[in-house]
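# Close look at the chain arrangement
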Amino acid sequence: MDYVININNLSKSYGNTQALKDITLQVPKGQIFGLLGPSGSGKTTMIKTLTGELKKTSGEIQVLNMDEDQLSTPNYKAKIGVLSDNSALYERLSIYDNLKLTCKLYDVSLNEIDTILEKVNLIDDKKKVVSKLSKGMKQRVMLARTLIHKPDLLFLDEPTSALDPGNVDKIHQILRELNEEGTTIFLSTHNMEEATNLCNCVGLLYKGIIQEMDHPDNLRYQHSTNQFEVETHDGELIKIENKPENSGQIEQLIASGRVKRMYTDDPTLGEVFLKVTGKDLGS
Amino acid sequence: MNTKRVLAIFEKDIKDFFKNTSLIIMPVVPILLAVFYNALFDDFIPLFTIFIIIGMVFAGVTSYCIMIMMAEEKEKNTLRTLMMSPASFLDIIVGKSLVAIVMTISTLLISIVFLDVYHVFNLQTILGSILLLLFFILLGIGIGLFAKSIAATSVYIMPIIFIFGFSPMFDLFGLEEGHFVNVIFDALPVSLLMQASDEGSWMPLILITIWVVVAYLFALFSYQKNKNDD
Ligand SMILES: Nc1ncnc2c1ncn2[C@@H]1O[C@H](COP(=O)(O)OP(=O)(O)OP(=O)(O)O)[C@@H](O)[C@H]1O
Ligand SMILES: [Mg+2]
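Remember, predicted model here, so these are calculated numbers, not experimental data. (Residues numbered from 1 in each chain as written. Chains lettered and ligands numbered in written order. Predicted model: local features only at pLDDT ≥ 70, side-chain atom pairs only at ≥ 80, totals over all residues. Heavy atoms only, no water.)

## Structural notes on helix H3 (residues 47-75) of chain B
All names here are of chain B. Stated formally: Runs of E in the DSSP output that reach at least two residues are strands. Runs of H or I that reach at least four are helices, and both are numbered from the N terminus. Take the number of residues in a helix, subtract one, and multiply by 1.5 Å to get its expected span. Two axes enter the bend calculation: one fitted to the seven residues ending at the residue in question, the other to the seven starting there, and the bend is the angle between them. Any residue under 20% of the maximum accessible area for its type is buried, any over 50% is exposed, and the rest in between are partly exposed; the area is computed with a 1.4 Å probe on protein chains only.
A rise of 1.5 Å per residue sets the reference length of H3, with its 29 residues, at 42 Å; its end C-alpha atoms lie 40 Å apart and thus fit the reference within 8%. Remark: the principal bend of H3, roughly 35 degrees, maps to Tyr 64. Across the 29 residues that make up H3, a large majority, 26, are buried. Following H3 by one or two positions, Asn 77 adopts a phi angle in the positive range, close to 70 degrees.

Structure (structure tokens):
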């Protein structure tokens, strides 16, 4: 299998603080990989190590078939897109002028500006000065800036944190479309819904260790007690194990007309995280 | 170094320059002063006033402009995005230096036209001005990399303007020849330029070259320090 990101036994320390511990993970082409973890778990450190901004302490990393010493070359930088947690725009310049700079740095035709602004739904605002934009609009401009050179691999460090749900949905939509066109995405988030809705594979990162890693649905099923919970009109709660043999019992219940609500007890990713690490994601 | 990327940075920064009120006033000050001096002294303008204006342009426009541009990119975190692009650090520095050069030369020319003092510019003074431009650019880069914030930059610029920019003024104090204050201020770059104009000699240019080397080492030191901070 051809991996876009291939990490083996990666560790990274800042002095005495070990931020990443013995991480091994592979991201195949076309995946949306999500690092889910609370503040301080090592998400930014992981991304910066992959983008060549930080040097690893030990282990091996290969990104887009390049070794660590090639990660600071213009060749690598031209192939990736990075939206960091503290990215910013030139506030006094217009959206257009901000993107124009990026086009020239990446040797991209200026015609791409309209195409990308269309995509992030900002085409009518292109002459607006950045300082006059809302937070969500700025984030979409930054996303446009990250995408304009059509990177093979996209690194997004908490791309939607502190945005309202409407803007989060817009950004997710853009990322899904992009992924369908073949871009591999590596993102970090502390938001379980983002990880569940967007990612094909999620790594639960806590204290610099990937505790578990799988498709979000699989992570949830694995930690499910695998039961149906049936709430009846008279307030009774009936638990039925989710097995083919029990289908008769379920049919009977439904036929009896007693069923008020019925649901599986699959945990959310947040609950899985809490169960695995003993730590709440929200903090 | 990649010319296309250097020009991209230059284009962005020059546009930004004219939208940044704290930068745009810097060339205005020496030009207004030139107009004022020209009105004040109708036939003979003392040499030191001309060189104070030149010093103000170098300190207030050249150094300050590049310092603010560097410090702002760091403080606002736009530098990181630039560094993640295919542009190299050298592309970024050179692009910004070009802005400082264009603004310095325009301000100098406008001031000189208003002062109407073309006679002070002999060959030595012209070559010396080029060296001075280099010195103040390197000084600005050094401090811009060194400064932690835009606010810190406005503190650092004060001694630069007063010591390096206003050094020709110390002739006014009428201290006796050979007084240590005079010796020190005569050895500062803008004073050396004034001597080159006054005496038409080459010695000041050699001394200015030493200043350029010192500024280069300072910029290099700041660069290394800045790199290790991350
Ligand atoms: N430059 C640094 N020097 C020393 N320690 C650092 C540095 N950067 C991060 N750390 C430490 O490394 C650990 C991981 O930090 P990191 O920034 O990667 O976490 P994160 O998951 O991105 O957190 P957040 O959600 O708050 O952004 C933390 O314990 C942090 O204190
Ligand atoms: Mg972070």
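Structure shown, so let's carry the discussion forward.
## Structural notes on the interface of chain A and chain B
For clarity, the cut-off: Contacts are residue-level and defined by heavy atoms, with any inter-residue pair within 4.5 Å sufficient. Buried area adds together the accessible area that both of two parts lose upon being put together, with accessible area traced by a 1.4 Å probe. A pair is scored as a salt bridge if a Lys or Arg side-chain nitrogen falls within 4 Å of a carboxyl oxygen belonging to Asp or Glu. Whenever a nitrogen or oxygen atom comes within 3.5 Å of another N or O atom, the pair is scored as a polar contact, on the condition that within protein one atom can donate a hydrogen and the other can accept it, and that pairs from neighbouring residues in sequence are kept only if both atoms are in side chains. Side-chain classes follow a simple rule in which Ala, Val, Leu, Ile, Met, Phe, Trp, Tyr, Cys and Pro form the nonpolar group, Asp, Glu, Lys and Arg form the charged group, and the remainder, Gly included, forms the polar group.
At the junction of the two partners, chain A supplies 25 residues and chain B supplies 23 residues. Counting each side, the surface lost to burial between chain A and chain B is near 2400 Å², with a carbon and sulfur contribution of 55%. Linking chain A to chain B there are eight salt bridges. The partner of Lys15(B) in a salt bridge is Asp97(A), and the shortest N-O contact between them spans 3.0 Å. Seen at the junction of chain A and chain B, the total is 14 residue pairs in polar contact (both at pLDDT 80 or more). For the side of chain A that touches chain B, the secondary structure elements donating two or more residues are helix H2 (74-79), strand S6 (80-83) and helix H3 (95-106) of chain A. Top element by residues in the side of chain A that touches chain B is H3(A). It accounts for six residues. When its residues are assigned to classes, the side of chain A that touches chain B shows 11 nonpolar, four polar and 10 charged.

## What to know about the side chain of Thr189(A)
Summarising the element assignment, Thr189(A) is placed in strand S8 (residues 184-189). On the basis of relative accessibility, which here comes to 3%, the residue Thr189(A) falls in the buried class.

## With respect to the packing of aromatic side chains
In plain terms, the rule: Pairs were defined over the aromatic rings of Phe, Tyr and Trp, the Trp ring being its six-membered one, requiring ring centres within 6.5 Å. Orientation was assigned from the angle between planes: stacked under 30 degrees, edge-to-face over 60, tilted for the rest. Ring-over charges, as used throughout, are those where CZ of Arg or NZ of Lys falls within 6 Å of the ring centre and within 35 degrees of the ring normal.
If you walk through the whole model with that rule in mind, you get 16 aromatic pairs over all chains. Here Tyr206(A) and Phe273(A) contribute two aromatic rings whose centre-to-centre distance is 6.1 Å and whose plane-to-plane angle is 85 degrees, an arrangement assigned as edge-to-face. Placement of Tyr206(A) in strand S9 (residues 201-206) and of Phe273(A) in helix H10 (residues 269-277) is noted, with a sequence separation of 67 residues between them. With relative accessibility at 15%, the residue Tyr206(A) sits in the buried group. Accessibility expressed as a relative area gives 0% for Phe273(A), which makes it buried. When the centroid spacing of 5.4 Å and the interplanar angle of 70 degrees are considered together, the rings of Phe17(B) and Phe18(B) count as edge-to-face. Each member of the aromatic cluster is reached from another via a ring pair, and the members are Phe58(B), Phe135(B), Phe136(B), Phe164(B) and Trp211(B). Residue placement shows Lys12(A) over the ring face of Tyr14(A); its charged tip is 5.4 Å from the ring centre.

## Section: the pairing of S9(A)
Residue and element names in this part refer to chain A. We apply this condition: At least two bridges found by DSSP between two strands are what make those strands a pair.
Taken across its six residues, S9 has six buried, putting it largely inside the fold. Here S9 shows two buried faces, one formed by Cys 201, Gly 203 and Leu 205 and the other by Val 202, Leu 204 and Tyr 206. By the bridge criterion, four bridges tie strand S3 (residues 32-36) to S9 in an arrangement that is parallel. Its bridge partner being in S9, Leu 36 is matched across the sheet by Leu 204.

## A short note on the domain arrangement of chain A
Applied cut-off: Boundary definitions for the domains trace back to an automatic or database domain assignment.
On domain assignment, one finds that chain A holds domain 1 (3-79 + 151-215) and domain 2 (225-265). Put simply, the middle of domain 1 of chain A and the middle of domain 2 of chain A, counted by C-alpha atoms, are 40 Å apart.

## Some details on the site of ligand 1
Residues and elements named next belong to chain A. Short version of the rule: In this text, near means that some heavy atom of the residue lies within 4 Å of the molecule or strand in question. Computed by Shrake-Rupley with a 1.4 Å probe, the accessible areas treat only the displayed protein chains as cover when residues are assessed.
Near ligand 1 the following residues occur: Tyr 14, Ala 19, Pro 38, Ser 39, Gly 40, Ser 41, Gly 42, Lys 43, Thr 44, Thr 45 and Glu 158. One of the side-chain nitrogen or oxygen atoms of Ser 39 is found 2.6 Å away from an oxygen atom of ligand 1. Taking Ser 41, its main chain carries an N or O atom lying 3.2 Å from an oxygen atom of ligand 1. Within the complex, the protein chains bury 59% of what would otherwise be the 630 Å² of accessible surface of ligand 1. Element by element, the count of residues in the shell around ligand 1 is highest for helix H1 (residues 43-50), at three residues. In terms of residue class, the shell around ligand 1 is made up of three nonpolar, six polar and two charged.

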